[in-house]
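Below are the chains, spelled out letter by letter.
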Amino acid sequence: MSTDTTTTPTAPVATAAAGDRRPVRFDTKIAVLLRDDLAGWQRLNVTAFLVSGLGTRLPELVGEPYEDADGTAYLPMFRQPVLVLQGGGEVLAAARGRALGRGLPCSVFTADLFATGNDADNRAAVRAVAGDELDVVGLAVHGPRGAVDKVLKGARMHP
């Protein structure tokens, strides 16, 4: 019996028919969980950093480039919504453990990263602390809807 808990990335599946203008229900979910005591600017910054990892690890989450009527090209974005939730530190620690236990791809942002100024120092700050001792202030996760819901148990929608 294999103990490998990694998931194989698959494209999100939409349940609405082609050309149907009704909202699409995806089989997967992208969610960001933020610690509830962050300042407004921190919440925005952490969210942006966290979701950037999902798009690089799971390119099938990213749609096609955009173009306006003038032909100006814009970068592609995720093909599905990103839910943003919040919770206390204990909720984030538990969610991190559940995401890793389920083998779901996730990214973390720790309080230490507010004091660093570049990518190399960010990675070094995370690497310097044992996983269970990380002061996680943000977590992004992707996976099947039910699994992500279980990971986020105890969190509430961001206002």
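Residues numbered from 1 in each chain as written. Predicted model: local features only at pLDDT ≥ 70, side-chain atom pairs only at ≥ 80, totals over all residues. Heavy atoms only, no water.

Per an unreviewed UniProt entry, the recorded name for the protein chain is DUF2000 domain-containing protein, and the organism is Streptomyces huasconensis.

Once that is clear, we can look at the packing of aromatic side chains. Applying the stated criterion to the full structure yields three aromatic pairs. For the pair Trp41 and Phe114, a centre-to-centre distance of 5.8 Å together with 70° between the ring planes defines the contact as edge-to-face. Taken together, the residues span a long stretch of sequence, with Trp41 in helix H1 (residues 40-57) and Phe114 in the loop between strand S5 (106-110) and helix H3 (119-127) at a distance of 73 residues. Residue class for Trp41 comes out exposed when judged on its relative accessible area of 54%. Following the ring pairs from residue to residue traces out a cluster consisting of Trp41, Phe49, Phe109 and Phe114. (Phe/Tyr/Trp six-rings, centres within 6.5 Å; stacked < 30°, edge-to-face > 60°. Helix = DSSP H or I, 4+ residues; strand = E, 2+ residues; numbered from the N terminus. Buried < 20%, exposed > 50% of the residue type's maximum accessible area, 1.4 Å probe, protein only.)

This part takes up H1. End to end, H1 covers 27 Å across 18 residues, agreeing with the expected 26 Å (1.5 Å per residue, within 8%). All of the buried residues in H1 are Gln42, Arg43, Val46, Thr47, Leu50, Val51, Leu54 and Gly55. Those residues of H1 that are buried are in contact with strand S1 (28-35), strand S4 (82-87), S5 and strand S6 (136-144). (Expected span 1.5 Å × (residues − 1). Contact = heavy atoms within 4.5 Å.)

The sheet built from five strands is open, its strands ordered S5-S6-S1-S4-S7 with mixed pairing. The open sheet terminates on both sides in strands that have one partner only, identified here as S5 and strand S7 (156-157). On the sheet, helix H2 (residues 89-101) packs against S1, S4, S5 and S6 and is oriented at approximately 35° with respect to S6. (Pairing = 2+ DSSP bridges. Axes fitted to C-alpha atoms, helices over the stretch in contact; angles between N-to-C directions.)

The buried count for S6 comes to eight of nine residues, which makes it a mostly enclosed element. Relative to S6, S1 runs antiparallel, the two being bridged by seven bridges. Looking across to S6, one finds that Ala31 is bridged to Val141. By the bridge criterion, five bridges tie S5 to S6 in an arrangement that is antiparallel.

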